[in-house]
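Coordinate inspection notes
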Amino acid sequence: MADPTPTNAADDIDPARVAPDITNTTPENQAPTFRNQDQVWPHRVIRRGDAVRPLPPHARSLADLTFEVGGVRVGLSDYMARRRTAGLLILKRGEIALERYGMGNGPESRWASMSTAKSITATLVGAALHDGAIGSLDAASNTCRGCAARPTRASRFVISCGCAPVWPGARNDADGRSEDYRLGKAMVSRRPGSVLGLLCKLPRAHPQGVVFNYSTGESCLIGALVVAATGWPLADYCAEKIWGPAGMEADGYWQLESEGGMELAGFGVSARLRDFGRFGQLVLEDGEAFSGRRVLPPGWRDLAGQPDSAPTGFGRLMPGSPAGYGYHWWAVPPLQGGVNNGAFAANGAFGQFIYVNPTEQVVIALQSAWRQPRDSDAAVENIAMIRAAVSALRREPAS
């Protein structure tokens, strides 16, 4: 079922081919950079467990899948070449309907996931809730500026910060530099505590639950809360609650802010394509691992994958977007009779996706190397491909 393109070995052994800044690459070194973050950045290994979840072939192969975009019929090979696709995995009920590679990747390649790591971090919140390390989601969300006056169990977790300011987006500081810029500088400084140190200097921008604000800084803070609540480094807790139970076939990597420091919980997980698919499958199955071990609270999937407040509701996030937002998952807007109803996805810059469709029992993992962080044309094409794949898999083969 796999269609691997051999990895260029020279790319993977020569650090000079890997850009020091993953957001600033050339067409020539972008794929080696995405493939080899462990060469240039401090990281912690996410250890695989003893048992590997098998991903057998599905009865219906999507090798000949085509789909229509703007009145033009598109085939997979053209789509993957134009959209610089490094890996595409489509699972139906945990079985492989399609697995293809490009950009020099093969089944054993690890690829940077960008902000899809936010969804992994949010899933670890669910695991900590299931374990009892976090008493409730209300306790976790009340970790905020002023927490010393209103102490909660969660507020005592982030002892290195003392409080949890809401990340106010792109406001400018006195020097005219945006807080997004300052966050980026903190992340690449490789100084221990640089990210939480910056966050602790920020005032609260809005009351909780009033404004949607997509924020890598807040994701890092959530990761710090999980670490403090559980007593585990984030990568180790991920290994215990996701990587092992989901049956990953290989170790993953999680980038750190400094040598031996905190995981950058808003991005920075690198893993094989199939293992990102297994993560999606674990979420699809509501946290009940293939071995029968439950790692998430019952009902977590439907809670985390859909909006639960007015500011995160469908069509409320930003102008022109019909999407909603769950717990670090982008919720797909429902349509009358639509194949994507109830679906949600982890999205990352440069074309990284993990799509979960509980109704249709489909998981799609997509790794890409877009030449810019956001590409609306490529995103439209991805949506068309996903709809076509889900529709094709609705038609079960004759027995």
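Overview of the structure. (Residues numbered from 1 in each chain as written. Predicted model: local features only at pLDDT ≥ 70, side-chain atom pairs only at ≥ 80, totals over all residues. Heavy atoms only, no water.)

**Details of the side chain of His58**
With respect to the helices, strands and loops of the structure, His58 is situated in the loop between β2 (43-46) and β3 (66-69). On the basis of relative accessible area, His58 is assigned to the buried category, the value being 8%. (Helix = DSSP H or I, 4+ residues; strand = E, 2+ residues; numbered from the N terminus. Buried < 20%, exposed > 50% of the residue type's maximum accessible area, 1.4 Å probe, protein only.)

**A closer look at the pairing of strand β4 (residues 72-75)**
Two elements, β3 and β4, share four bridges in a ladder whose sense is antiparallel. The residue bridging Phe67 from the neighbouring strand is Val74, located in β4. In this structure, the hairpin formed by β3 and β4 is closed by a connection of two residues, where Gly70 is found at a positive phi of approximately 60°. (Pairing = 2+ DSSP bridges.)

**Considerations on the nonpolar core**
Among the nonpolar cores identified, the biggest contains 50 residues, and Ile242, Trp243 and Trp254 are the most heavily contacted of them. With 39 residues, the next largest nonpolar core counts Ile364, Leu366, Ala388 and Ala389 among its residues. (Core = buried A, V, L, I, M, F, W, Y, C linked by side-chain atoms within 4.5 Å.)

**Let's talk about unusual backbone geometry**
One non-glycine residue, Met114, lies in positive phi territory at about 55°. Inspection of the secondary structure puts Met114 in the loop between β7 (110-112) and α5 (116-131). Using a relative accessible area of 7% as the deciding quantity, one classes Met114 as buried. Phi at His328 is positive, roughly 65°, even though this residue is not glycine. Mapped onto the elements, His328 comes out in the loop between β10 (324-325) and β11 (330-331). You can call His328 buried: its relative accessible area is 15%.

**Considering the pattern of salt bridges**
Applying the stated criterion across every chain yields a total of 16 salt bridges. The partner of Arg47 in a salt bridge is Asp251, with the nearest N and O atoms 3.5 Å apart. Of this pair, Arg47 sits in the loop between β2 and β3 while Asp251 sits in the loop between α10 (234-243) and β8 (252-255), and the two are 204 residues apart along the sequence. The closest approach of N and O atoms between Arg278 and Glu249, which form a salt bridge, is 2.9 Å. Taken as a pair, Arg278 in helix α11 (residues 273-284) and Glu249 in the loop between α10 and β8 lie far apart in primary sequence, 29 residues in all. Classification of Glu249 as buried rests on a relative accessible area of 14%. Overlapping salt bridges bring together Glu99, Glu249, Arg272, Arg274, Asp275 and Arg278 as one network. (Salt bridge = Lys/Arg side-chain N within 4 Å of Asp/Glu carboxyl O.)

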